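Results of the structural survey
The primary structure of each chain is shown beneath.
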Amino acid sequence: MASKEITSSKQTEECIINCLPRDLIERIFLGLPVSTLLTCIGVCKQWYNFIRDPQFVTSHLRQAPRCTLLFFHQEPFSSDNLPTDAIIFDEAWSQSTWAVPVIGPDDFLCGTCNGLLCLYTETSRIKIANLATGECLHLAKPVKKLRDDHFSFYSFGFHPGTKEYKVTHFLGEHQSYSQGTFHVIQVYTLGSEKWKDIRTPEALSLSSVKNSGVIHIDGTMYWLTDDTGASWNHAVISFDLSEETFARIQLPATALVGSDSHGHWITEIDRKVCIATAEVNRDLPKVLAGELQIWTLDNRVEQRWSQKWNIQHSMNCIPGPHFVHKDKIVMLSHDCNLYSHVLIGMNCETKLSNMVALLDFRPYKPENMQSYICVKSLVRLHTYKKAGIVCKPKQCEGWKLKKWEEWEDMRRNIEDAWNNVHEMEQETSSQPHRLGGIIKELLQNVADEIIRERVILEINHILEHLPDCPYQHPRSLRRLSLVEQMRDLEKLKARLNGVMDMIKVSGKAVADMCGAVKTYVLDRPGVHGA
C-alpha cells in the first residue's frame, strides 16, 4: 500500500511539472548542468524526449559555460612512464580533482569542439569522446602505423553551417616530422565511410604545425606556416571545413621583426584569430626570453591586424593553444606551477607577486601541458556509429594494459589505506562511548545511589568533551587525477597523524573513566554491590 502511494505521489509531481508551458520547462532545463540533465533523462519518457531533442541540445550548448581543460601528455622516450592526465577548471577557476573517465593513460589530445574531445593514440585509432556523457567513437586512422606520425598533426572541428564534425590530418612527406613538409590534408567527416585527401596549393611546413598549434573558429581551421617566398618568415593558413578550400593571411610586419629569434603561436581569443610572439631561448624554443606581444585579426578580407596586448612577464612558458581565458592569461613557471594574471590595458606587467597560483602540476613538466577551452554538452555520437570506418573498442586497453599494472596496484593500495584510516577513525572515536555504556550498566550493581550518580555524571562529562569524528563517511572511490593523487598522499599522511591524535585523546578518556570508577567505587569498601 505504501509503495503504491509513493508511486502515485511521484506521478503527480511529474504531471505538475509536465503541465507547465514548454518554454518554461525549457528555461528550467537550460539552467541545469549536463550531469543533472543526464539524471533527469531517467525520470520519465517526456523528459527523455525533451532533453534528447537536437534543438534543445543545441540551445543548451550555446549557453554552456566555458571551462579550461589542462591536458598533460606523456613524454616520449622518458623513463618516468607517466600516464596521461587532465584537469578541468570551471569559470570560477575551481579545480576538479577527479580524473576524466574518457581519457585513457595512453591518449593524446588533438582538439576539443562542442564538448567532444579528439584523442590520439599510438595504435591505429582515433577516439572521439563526449567529455560529460562518456560516449565514445573509435575511428580507424587514415594510414596505419605511419612512421613519425604525431598527435599534433591531427585536429578536430565543427562547421556551424553544415552541422558536420571533421577530423583532419596533416600528412607529412618526410621521415623526420621536425623538418618535414606536407602537400595533403586528410579529412574525415563523422558519419562518412572513408577519409579523403585534399591537396594544398603548395608545400606547407609540418614543423610549424607542431610548434605553433592549430585552432578552429566558426568552421575554419587556422595554423601558422613558414612563408619561404617572402621577406617575413610566417603566415597564417586557413582551411574552410565546408568548402575545403585554403587561403593565406599575412602577419603584421611589426609582429615579424626579429622573427629568427622569436617564437610564434596561434591562438583564439573572443572567437578571433590571434598571434602571440616573443623572443625565445635559442636552446629551449618554448621558453620565453622577452616580452609577449599578442595581435588580433580584425578583418580577414583586408588582412588587418591590431596589437591587443604587450605583456612584460616573469614566467617561462605559455601553454597552447588557449592561454588567454576571458580577461586572464595563464602562464607556467620553471618550478611546475600554473599562474593566472588579469590583463588590464594594452601594456601589462605580470609580476609574480600579483599572480594567482592555480596549480602545482608536478610530476609533469611545463612542456608537456596543453590548455584548451572546452564545454560540457549533450552532443551524441550514436548517429555516426554505423559508418564502416568506426571500430569496436579493444577489450584490453587503457588502464587494463599490463604496462599500467603497477600504477593500478599503487592506486588500489592508496584506496585500501584510506579505507583502513576511516575504519580506525570510527573505531577510535566509538571506543570511549562503548566503554562508557558498559560502565553505566555495571554501575547498576552499585548500591549507593549517590556514588552511582556521581560516577555517571563524571563519565558523561568526559564523553561530552570528546571531539566528534570529523569524517563520518568513507570517501568516494572515484579515480582521482594523477596530479591530485600526489596531493592525496599528503592528505593521507595528515589523516594518519590525525588518527594518532585521536588515539591519544580516546586513550586519555578511557583512562579517566577507569580512574573515576576506581576512585569512587573500587577504592571504597562496601560500595561494590547491592
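Scoring rules and cut-offs
Residue numbers here run from 1 along each chain, matching the order of that chain's written sequence. Per-residue local features of the predicted model are confined to residues with pLDDT of at least 70, and side-chain atom pairs are confined, for both listing and counting, to 80 or more; whole-chain, interface and lining totals are unaffected and use all residues. As a convention, hydrogens and water are excluded, and side-chain values are obtained from all of the structure's heavy atoms. By definition, any uninterrupted DSSP run of H or I lasting at least four residues is a helix, any uninterrupted run of E lasting at least two residues is a strand, and each is numbered from the N terminus. C-alpha atoms define the radius of gyration, and 2.2 Å times the number of residues to the power 0.38 defines the globule rule. Burial status follows relative accessibility: with a 1.4 Å probe on protein chains alone, a residue under 20% of its type maximum counts as buried, one over 50% as exposed, and anything between as partly exposed. Working rule for contacts: check all heavy atoms of both residues, and any pair within 4.5 Å makes them a contact. Under the convention used here, a 1.4 Å probe and the Shrake-Rupley method define accessible areas, while residue burial counts only the protein chains that appear. Charge assignment in this entry is limited to Lys and Arg as positive and Asp and Glu as negative, and neither His nor the chain termini are counted. Where a charge sits is defined by one atom per residue type, namely NZ (Lys), CZ (Arg), CG (Asp) or CD (Glu). Residues belong to a common nonpolar core when they are buried Ala, Val, Leu, Ile, Met, Phe, Trp, Tyr or Cys residues joined through side-chain atoms within 4.5 Å. What counts as a salt bridge is simple: a side-chain nitrogen of Lys or Arg found within 4 Å of a carboxyl oxygen of Asp or Glu. Exposure above 30% relative accessible area and no salt bridge define the residues that can form patches, which grow by joining like charges within 9 Å and nonpolar side chains of Val, Leu, Ile, Met, Phe, Trp and Tyr within 5 Å. To pair, rings of Phe, Tyr and Trp, with the six-membered ring standing in for Trp, must have centres within 6.5 Å; the planes then decide the type, stacked if under 30 degrees apart, edge-to-face if over 60, and tilted in the middle. Consider the ring centre and the ring normal. A charge sits over the ring if Lys NZ or Arg CZ is within 6 Å of that centre and within 35 degrees of that normal. In protein, a polar contact means a hydrogen-donor-capable atom and an acceptor-capable atom, both N or O and within 3.5 Å, with residues adjacent in sequence counting only if both atoms are side-chain atoms; elsewhere, any N or O pair within 3.5 Å suffices. DSSP-based pairing: two strands are paired if at least 2 bridges between them are found. Between N-to-C directions, angles span 0 to 180 degrees; the directions come from axes that are lines fitted to C-alpha atoms, helices contributing only their stretch in contact. Confidence scores per residue from the predictor, reported as pLDDT, run from 0 to 100.

Counting secondary structure elements, the protein chain contains 9 helices and 25 strands. Here the protein chain has a C-alpha radius of gyration of 31 Å; the compact-globule value for 530 residues is 24 Å, and the former is much larger. Taken along the three principal axes of its C-alpha coordinates, the protein chain extends 110 × 60 × 50 Å. When burial is assessed residue by residue, the protein chain has 48% of its 530 residues classed as buried. In the protein chain, the share of contacts with a sequence separation of at least 24, taken over all contacts with a separation of at least 6, comes to 56%. Just so you have it, the protein chain exposes about 27,400 Å², and 52% of that area is on carbon and sulfur atoms. With 59 positive and 64 negative side-chain charges, the protein chain shows a spacing of 5 Å between the two charge centroids.

Let us look at the nonpolar core. Counting residues in each nonpolar core, the largest one holds 43 residues, and the members touching the most others are Ile128, Leu139, Phe156, Tyr165 and Leu190. Once residues lying within four places of it in the same chain are set aside, the contact partners of leucine 190 are Ile128, Leu137, Leu139, Phe156, Tyr165, Val167, Leu381 and Tyr384. Counting 41 residues, the second largest nonpolar core, distinct from the first, contains Cys274, Ile311, Val330 and Tyr364.

Turning our eyes to something else, we now look at the pattern of salt bridges. By the definition in use, this model includes 21 salt bridges. With a closest N to O distance of 2.9 Å, aspartate 106 and lysine 403 form a salt bridge. Here the residue aspartate 106 occupies a position in the loop between strand E2 (85-89) and strand E3 (108-113), and lysine 403 occupies one in the loop between strand E25 (390-391) and helix H7 (405-443), the gap between them amounting to 297 residues. For the salt bridge of glutamate 164 with lysine 166, the shortest nitrogen-to-oxygen distance reads 4.0 Å.

What follows is about a nonpolar patch on the surface. Taken together, the side chains of Ile17, Leu20, Leu24 and Ile28 present a nonpolar region at the surface, about 280 Å² in accessible area. By the element assignment, leucine 24 lies in helix H2 (residues 22-30). Exposure remark for leucine 24: the relative accessible area of 32% places this residue in the partly exposed category.

Omega for the bond connecting glycine 320 with proline 321 falls within 30 degrees of zero, at 0°, which places this linkage in the cis form. Note on placement: proline 321 falls in the loop between strand E18 (304-313) and strand E19 (324-325). The peptide bond linking arginine 362 to proline 363 adopts the cis configuration, its omega dihedral lying at 15°. Tracing the backbone shows proline 363 in the loop between strand E23 (356-360) and strand E24 (369-374). The phi torsion at cysteine 336 lies on the positive side, around 65°, for a residue other than glycine.

Another aspect to go through is the packing of aromatic side chains. Using the criterion set out here, one finds 18 aromatic pairs in the structure. Centroid distance tyrosine 188 to tryptophan 195: 5.7 Å. Interplanar angle 40°. Geometry classified as tilted. Through pairs of rings, three or more aromatic residues link up here, namely Phe29, Trp47, Phe50 and Phe56. Taking the ring centre of tryptophan 309 as reference, the NZ or CZ of lysine 308 above it sits at 4.9 Å. The residue whose ring lies beneath arginine 495 is tyrosine 471, and the NZ or CZ to ring-centre distance is 3.4 Å.

On to the environment of glutamate 193. With respect to the helices and strands, glutamate 193 occurs in the loop between strand E9 (181-189) and strand E10 (196-205). Taking the C-alpha atoms as reference points, glutamate 193 and alanine 387, 194 residues apart in sequence, are found 5.4 Å from one another. Leaving out residues up to four positions away in the same chain, glutamate 193 has contacts with Tyr188, Lys386, Ala387, Gly388 and Ile389. Within the local environment of glutamate 193, its side chain forms a polar contact with the backbone nitrogen of glycine 388, the two atoms lying 2.8 Å apart.

Turning to the sheet that holds strand E15 (residues 262-269), a few remarks are in order. Taken together, the 5 strands give an open sheet; going across it, the order is E15-E16-E17-E18-E22, and neighbouring strands pair in mixed fashion. Of all the strands in the sheet, just E15 and strand E22 (347-350) have a single pairing partner and so form its edges. Between one strand axis and the next, the sheet turns by 25° as a mean value, whatever way the strands run. Relative to E18, strand E17 (residues 288-299) runs antiparallel, the two being bridged by 7 bridges. The residue of E18 that forms the bridge with asparagine 299 is arginine 304.

The sheet contact formed by strand E11 (residues 214-217) and strand E12 (residues 220-226) spans 4 bridges and is antiparallel. From the neighbouring strand, histidine 216 faces E12, where its bridge partner is methionine 221.

This part covers the confidence of the model for the protein chain. Mean pLDDT over the protein chain works out to 86, with 91% of the residues at or above the 70 mark. Ignoring residues within four places in sequence, the model shows residues 1-8, a span with pLDDT below 50, making 0 contacts including any to other chains.

As for its position among the elements, glutamate 484 is in helix H9 (residues 482-522). With residues near it in sequence (within four places) discarded, glutamate 484 still touches Gln95, Thr97 and Lys491.

Attention shifts here to the sheet that holds E11. Taken together, 4 strands build an open sheet; the order of strands is E11-E12-E13-E14 and the sheet is antiparallel. Both outer strands of the open sheet, E11 and strand E14 (246-250), are each paired with one neighbouring strand and no more. Adjacent strand axes in the sheet meet at a mean angle of 30° when their direction is disregarded. When strand E13 (residues 234-240) meets E14, the two strands line up antiparallel, connected through 5 bridges. Within E14, the position partnered with phenylalanine 239 by the bridge is phenylalanine 246.

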